[in-house]
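# Summary of the model geometry
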Amino acid sequence: MKKIRFYIALYAAKLSQFLLKILGRNATYFPGKIAIRLCKDFLKHITPPKTVIAVTGTNGKTTVSNLISSILTENGYSITNNSFGSNVQAGIISALIEDTTLCGKPKKDIAILEVDERSSLLIYPQMAPDYLVCNNIMRDSLKRNAHTEFISYIINSALPASTKLILNADDIIAATLGPNNKQKTYFGLDAEKPEANTPQHIRDIVYCPSCGALLESEYVRYNHIGRHYCPNCDFQSPTPDYLITNIDRTNNTFTIRHDSDSETYTLINDNIVNVYNFGAVIALLHEIGLSYEQISKGFSQSKIVKTRFETIQSGNTNITMLMAKGQNPIACARCYDYVARSQVENKGLVIIVDDLDDNINNSESTCWLYDCDYTALKDPSIKQIIFGGPRCKDHVLRAQLAGVDAEKISICENATKAAGMIDLTKCQNVFVLHELYRAADAKAAKEMLISMGRGEL
Ligand SMILES: [Zn+2]
């Protein structure tokens, strides 16, 4: 009976996928929704590809799953993934249905599934992943994700003990996932260690999860990312099996050591959060059996997708488009930090990070601004900051509380026009930080800056 229900759901979902495509509509969520409506445990019955890789965590899921997919594709594997769709249950089911025959057989070798942390309970108990990659667990939207203990609890409650975990050793929350999972591989970053153990006011773990004593740190890169130990028991950051030992920004390479091998790869982006993403990708690909040559070849041909990172030259102006998620304080703070650390002078920033969808569906919260560290914006290389969007005044208040010079801040409530306020005579390097769902504003800012750079505006 269950099997009949599964096939009815599969055919109905496939039909809806077909019709949506004919109509030119997005078919990456609704077909999965139909399948679940007709067969609640659809995921339990569908036969997945031979290897299922889940990618989860707060930040970097999309980048990690896209890189894994592109390197595997480059090496001749056929891939099912949900990179163009939703990362909740219906999105994952839609991706699997797309690559399933009418007999219910998978058409592809490997599934790379980006999984929203909160969807874990709806996915892993029905379809056990062979591998789960988790780069970090950090504070995210308070309304959606509550806090990191809640997210860790959800993942641990859902995770089958048979799944092999690929975890970030430098994120002590992610590193302690899967207490019942025996197979764990860790990656970490040893290069560019901070010299001082700078106290971080915004961090998501303070006390030892084993005994409750105050954790001490060997060093901290940002938030709780770093190396920690408990002075009262043997709890400490795990030793990485894959360790990034060098980042060569001149030659655009980085080196990773595992076992006795030292391997060098193309550094396709120098943001430290992406270096961690690369560690996750390399560890996973080695663990599933790819050779250095296979991974390296794929890496040298990969790029961070343009919607997340893009650089453009227009006249004498260098424009960098950076995706910064609204309501996600750490992701946003890392973008501020990236801009401050960029090795250029005379920087201008256009910041368009208000989450308007949040405003439509719910009561908008601005508390995330106070979880986000704005101090990087004080950097003297940043000459001008424009906050664009309806919450621009809230950003100004937050920035001033962080000590950012009011003289260099301007606001523009109409986000599409914000970039026009940048003074290109002062700022030759313009960074546009835009929210994931503000693509139209980001496009408008990019086009305006390109025209301004050419002297057309
Ligand atoms: Zn302890």
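For the structure itself, consult the block above.
Residues numbered from 1 in each chain as written. Predicted model: local features only at pLDDT ≥ 70, side-chain atom pairs only at ≥ 80, totals over all residues. Heavy atoms only, no water.

What follows is about the coordination of the zinc ion. Looking at the zinc ion, the protein donor atoms are Cys208 (SG), Cys211 (SG), Cys230 (SG) and Cys233 (SG), and they sit 2.2 to 2.3 Å from it. Considering all four donor atoms around the zinc ion, angles at the metal cover 100 to 119° and the coordination shape is tetrahedral. Look at Cys233 and you get partly exposed, because its relative accessible area is 27%. (Donors = N, O, S within 2.8 Å, 3.2 Å for Na, K, Ca; no water. Tetrahedral: all angles 85-135°; square planar, octahedral: opposite > 155°, others 65-115°. Buried < 20%, exposed > 50% of the residue type's maximum accessible area, 1.4 Å probe, protein only.)

Here we take up a negative patch on the surface. Judged by side-chain charge, Asp241, Asp259, Asp261 and Glu287 come together as a negatively charged surface patch. In this structure, Asp259 sits in the loop between strand E10 (253-258) and strand E11 (261-266). Note on Asp259: relative accessible area 70%, which makes it exposed. (Patch = residues over 30% accessible without salt bridge, like charges linked within 9 Å, V, L, I, M, F, W, Y side chains within 5 Å. Areas by Shrake-Rupley, 256 points an atom, 1.4 Å probe, with all protein chains shown as cover. Salt bridge = Lys/Arg side-chain N within 4 Å of Asp/Glu carboxyl O. Lys, Arg positive; Asp, Glu negative; His and termini not counted. Charge placed at Lys NZ, Arg CZ, Asp CG, Glu CD. Helix = DSSP H or I, 4+ residues; strand = E, 2+ residues; numbered from the N terminus.)

Let us now look at helix H9 (residues 272-287). Taking 1.5 Å of rise per residue, the 16 residues of H9 would be expected to cover 22 Å, and the 23 Å separating its terminal C-alpha atoms lies within 8% of that figure. Counting buried residues in H9 gives 14 out of 16 residues, a clear majority hidden from the surface. Following H9 by one or two positions, Gly289 adopts a phi angle in the positive range, close to 110°. (Expected span 1.5 Å × (residues − 1).)

Moving on: the pairing of strand E3 (residues 110-114). The element E3 is extensively covered by neighbouring structure, given that five of its five residues are classed as buried. Here E3 shows a buried face lined by Ile110, Ile112 and Glu114 and a second buried face lined by Ala111 and Leu113. Pairing of strand E1 (residues 51-56) with E3 involves five bridges; the strand directions are parallel. Counterpart to Val52 in the pairing with E3 is Ala111. Looking at chain direction, strand E2 (residues 79-81) and E3 are connected through three bridges and run parallel. Residue Thr80 lies in a different strand from E3, and its bridge partner there is Ala111. (Pairing = 2+ DSSP bridges.)

This part is about the nonpolar core. Taken as a class, soluble globular proteins show a tendency for nonpolar side chains to be buried jointly. Membership of the largest hydrophobic core comes to 72 residues, with the highest contact counts inside it found for Leu377 and Phe387. With 10 residues, the single largest contributor to this core is H9. Not counting residues up to four positions away in its chain, the partners in contact with Phe387 are Ile351, Tyr374, Leu377, Cys392, His395, Val396, Ala399, Ile409, Ser410, Ile411 and Cys412. The next biggest cluster of nonpolar side chains, apart from the first, holds 45 residues, and it includes Ile36, Leu132, Leu165 and Ile173. (Core = buried A, V, L, I, M, F, W, Y, C linked by side-chain atoms within 4.5 Å. Contact = heavy atoms within 4.5 Å.)

A word on the pattern of salt bridges. Taken as a whole, this structure holds 20 salt bridges when the rule is applied. Asp355 serves as the salt-bridge partner of Arg144, at 4.0 Å between the closest nitrogen and oxygen. Here Arg144, found in helix H7 (residues 142-145), pairs with Asp355, found in the loop between strand E14 (347-352) and helix H12 (356-361); they are 211 residues apart in sequence, far enough to count as distant. A salt bridge links Arg341 to Asp337; the nearest nitrogen and oxygen atoms lie 2.6 Å apart. Of this pair, Arg341 and Asp337 both sit in helix H11 (residues 329-341), four residues apart, which is roughly one turn of the helix. When salt bridges that share partners are traced, they join Arg139, Asp204 and Asp371 into one network.

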